[in-house]
Amino acid sequence: VQLQASGGGLVQAGGSLRLSCAASGGTFSSYAMGWFRQAPGKEREFVATIDWHGGGTYYADSVKGRFTISRDNAKNTVYLQMNSLKPEDTAVYYCAARAYQGSTLIRLKSLYDNWGRGTQVTVSS
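Just so it is clear, the model here is predicted, and its values are computed rather than measured.

With that settled, consider the nonpolar core. Nonpolar side chains in soluble globular proteins tend to end up buried together. Counting residues in each nonpolar core, the largest one holds 36 residues, and the members touching the most others are Met 33, Trp 35, Leu 80, Met 82 and Tyr 93. When residues of this core are traced back to their parent elements, those giving at least two are strand S1 (2-6), strand S3 (17-24), strand S4 (31-38), strand S5 (45-50), strand S7 (67-72), strand S8 (77-82), strand S9 (91-99) and strand S11 (119-124). When near neighbours in sequence (up to four residues on either side) are disregarded, Tyr 93 contacts Ala 5, Leu 19, Trp 35, Phe 36, Arg 37, Val 47, Phe 67, Leu 80, Met 82, Gly 118, Thr 119 and Val 121.

Right, let's get into the pairing of S11. Burial of S11 is one-sided: the residues Thr 119, Val 121 and Val 123 facing one way are buried, the residues Gln 120, Thr 122 and Ser 124 facing the other way are not. Across 4 bridges, the pairing between strand S2 (residues 9-12) and S11 is parallel. Of the residues in S11, the one forming a bridge with Leu 10 is Thr 122. Inspection of the sheet shows S9 paired to S11 by 3 bridges, in the antiparallel sense. Its bridge partner lying in S11, Ala 91 is registered against Val 121.

We now examine the packing of aromatic side chains. Two measures describe an aromatic ring pair: the distance that separates the ring centres and the angle between the ring planes. In total, this model carries 5 aromatic pairs according to the counting rule given. Their ring planes at 75 degrees and their centres at 5.8 Å tell us that Phe 36 and Phe 46 sit as a pair that is edge-to-face. Separated by 10 residues along the polypeptide, Phe 36 in strand S4 and Phe 46 in strand S5 bring together distant segments of the chain. The pair formed by Phe 36 and Phe 46 is uniform in burial state, with each residue classed as buried. Ring plane angle 70 degrees and centroid distance 6.3 Å describe the contact between Tyr 112 and Trp 115, whose orientation is recorded as edge-to-face. When its relative accessible area of 4% is taken as the criterion, Tyr 112 is described as buried. Linked through ring pairs, Phe 36, Phe 46, Tyr 58, Tyr 112 and Trp 115 together constitute an aromatic cluster. Cation over ring: Arg 71 sits above Phe 28, and NZ or CZ is 4.4 Å from the ring centre.

In spatial order, the strands read S1-S3-S8-S7; together these 4 strands make up an open sheet with antiparallel pairing. The open sheet has two edge strands with one neighbour each: S1 and S7. With strand direction ignored, the average angle separating the axes of adjacent strands in the sheet is 15 degrees. Judged from the 5 bridges that link them, S1 and S3 form a sheet pairing that is antiparallel. In the strand pairing of S3, Ala 5 is matched with Cys 21.

About the criteria used
- Residues numbered from 1 in each chain as written.
- Predicted model: local features only at pLDDT ≥ 70, side-chain atom pairs only at ≥ 80, totals over all residues.
- Heavy atoms only, no water.
- Core = buried A, V, L, I, M, F, W, Y, C linked by side-chain atoms within 4.5 Å.
- Buried < 20%, exposed > 50% of the residue type's maximum accessible area, 1.4 Å probe, protein only.
- Helix = DSSP H or I, 4+ residues; strand = E, 2+ residues; numbered from the N terminus.
- Contact = heavy atoms within 4.5 Å.
- Pairing = 2+ DSSP bridges.
- Phe/Tyr/Trp six-rings, centres within 6.5 Å; stacked < 30°, edge-to-face > 60°.
- Lys NZ or Arg CZ within 6 Å of the ring centre and 35° of its normal.
- Axes fitted to C-alpha atoms, helices over the stretch in contact; angles between N-to-C directions.

Dropping the structure here:
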């Protein structure tokens, strides 16, 4: 499956952005999806994940209560709604996919085998 993330940009602290990740070339509803981010000089870190049918989600502590992951299997798209943005949320955001229809929510980046190009999110103070 090929993934294309979009929706990044420059926003002031406290603002909102919605990222989208469009999938093609696979059966999207068969994939668990995740969002990760990488700030300059730092490791790529887990942000959020959603299971294949959208019934289960899990978030990093740093974004819990501010970010919401969702998916629309009819549109082959996963979303990341980001509210109350902080300067420390500044990073390149990546979506990832793994063919998996189990109930375990996947947080490890090493378990994802499909990655899209990232989209830059910059939060100014």
